[in-house]
Amino acid sequence: MKAALHGLRALMFLACLALCSCSALTGSTAESSPTVDKMEKGEENRVRTGDEISIRITGTGTTLDNVYAESIADTGDISLPYIDQIKALGKTPQELSADVKKAYIDGGFFRVINITCSLKDRYFYIRGEVRNSGRYLWSSDMSILKAITTAGGFTDFANPRDVRIDRRGQLIKVNCSLAYSDPKYDIPLLPSDSVTIPRSIF
């Protein structure tokens, strides 16, 4: 009798543990569900790895006045004539322009110099169950739903509840069925995002 009672208590304890684990997992998943409000404002305007930057230098009256093209490598730096490498990663074009100008003036190269930095065309990628997979020009108002529309919309076999965004190794899952009815789930895309639309199992 005692053995049976101990066994029953053990089963009840294990059942409670299982319920608690399931509740914790569900809560974690709900908390990690992305919404527009959770996206960092202005992040899309900052320099990212792989971006191409145009740097226009004027006002020196020398051969330095020119337009320079730089591609941002993993180090996040750019290199220009006369000055050491300057960190570009994570800065806005305006912030980078100010840093480059300061480097030339503080280094004693020029007293007057004009610097204008701008980002070249940026792209996002979409594949899977959309009508036209491929690379598309990114814009600052690009969202997950707009990206799907740009690619011709879902195919008849798409699973809109499990759309996946690969953001430089970070996987973000989006339920587009919710996004259609609640704009806060229509999260913005960032440059170089790769969107995958899986096939429905039904």
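Here we summarise the structure given alongside this text.

Reading the values: rules and limits
Residues numbered from 1 in each chain as written. Predicted model: local features only at pLDDT ≥ 70, side-chain atom pairs only at ≥ 80, totals over all residues. Heavy atoms only, no water. Helix = DSSP H or I, 4+ residues; strand = E, 2+ residues; numbered from the N terminus. Buried < 20%, exposed > 50% of the residue type's maximum accessible area, 1.4 Å probe, protein only. Contact = heavy atoms within 4.5 Å. Areas by Shrake-Rupley, 256 points an atom, 1.4 Å probe, with all protein chains shown as cover. Pairing = 2+ DSSP bridges. 1 Å grid on protein atoms, 1.4 Å probe; cavity = no way out; pocket = protein on both sides within 12 Å on 5 of 7 lines; lining within 4 Å. Points joined across faces, edges and corners; volume = space filled by probe spheres on them. Nonpolar A, V, L, I, M, F, W, Y, C, P; charged D, E, K, R; others polar. Axes fitted to C-alpha atoms, helices over the stretch in contact; angles between N-to-C directions. Polar contact = N/O pair within 3.5 Å; in protein donor to acceptor, adjacent residues only side chain to side chain.

**Examining the overall build of the protein**
In terms of regular secondary structure, the protein is built from 4 helices and 10 strands. Looking at the 202 residues of the protein, the share that counts as buried comes to 36%. Excluding contacts between residues fewer than 6 apart, the proportion of contacts in the protein whose partners are at least 24 apart in sequence is 53%. Accessible surface, the protein as shown: approximately 12,400 Å² in total, 55% of it carbon and sulfur.

**What about the pairing of strand β3 (residues 77-80)?**
Across 3 bridges, β3 lies against strand β4 (residues 83-87) in antiparallel orientation. Along β4, the bridge assignment pairs D77 with K87. Once β3 ends, the chain turns through 2 residues before running back antiparallel as β4, passing Y82 with a positive phi of about 80°.

**Quick word on unusual backbone geometry**
Despite not being glycine, Y82 shows a phi value in the positive range, around 80°. For Y82, the position within the fold is in the loop between β3 and β4. A positive phi angle is found at R168, which is not glycine, with a value near 55°. Counting through the fold element by element, R168 comes out in the loop between β8 (163-167) and β9 (170-174).

**Points about the layout of surface pockets**
Quantified by volume, the second largest pocket comes out at close to 170 Å³. In terms of lining residues, the second largest pocket is bounded by G50, D51, E52, K120, D121, R122, Y123, Y125, R135, P191 and S192. Residues of the lining of the second largest pocket, tallied by class, amount to 3 nonpolar, 2 polar and 6 charged.

**Some details on the sheet that holds strand β2 (residues 66-71)**
Strands sit in the order β2-β1-β5 across an open sheet of 3 strands; the sheet is antiparallel. On the outer flanks of this sheet lie β2 and β5 (114-119), each paired with one strand and no other. Between one strand and the next, the sheet's axes are offset by a mean angle of 20°, whatever the strand orientation. Relative to β2, strand β1 (residues 52-58) runs antiparallel, the two being bridged by 6 bridges. Residue pairing in the sheet places I55 in a bridge with Y68 of β2. Helix-sheet contacts for helix α2 (residues 93-106) involve β1 and β5, and the interaxial angle to β5 is about 150°.

**Here's the deal with the sheet that holds β9**
Taken in spatial order, the 5 strands line up as β7-β6-β10-β8-β9 in an open sheet, and their pairing is mixed. Both outer strands of the open sheet, β7 (134-137) and β9, are each paired with one neighbouring strand and no more. On average, each strand axis in the sheet is tilted by 25° relative to the strand beside it, whichever way the strands run.

**With respect to the side chain of R48**
Tracing the backbone shows R48 in the loop between α1 (2-32) and β1. Of the polar contacts made by the side chain of R48, one reaches the backbone oxygen of P191; its length is 3.4 Å. Excluding its chain neighbours within four sequence positions, the residues that come into contact with R48 are E43, I72, L89, R122, R167, R168, L190, P191 and D193.

**Things to note about the side chain of S97**
Looking at the secondary structure, you find S97 in helix α2. Looking at S97, the relative accessible area reads 10%, which means it is buried. A polar atom in the side chain of S97 sits 2.9 Å from the backbone nitrogen of C117. Other than its neighbours up to four places away in sequence, S97 contacts I115, T116 and C117.

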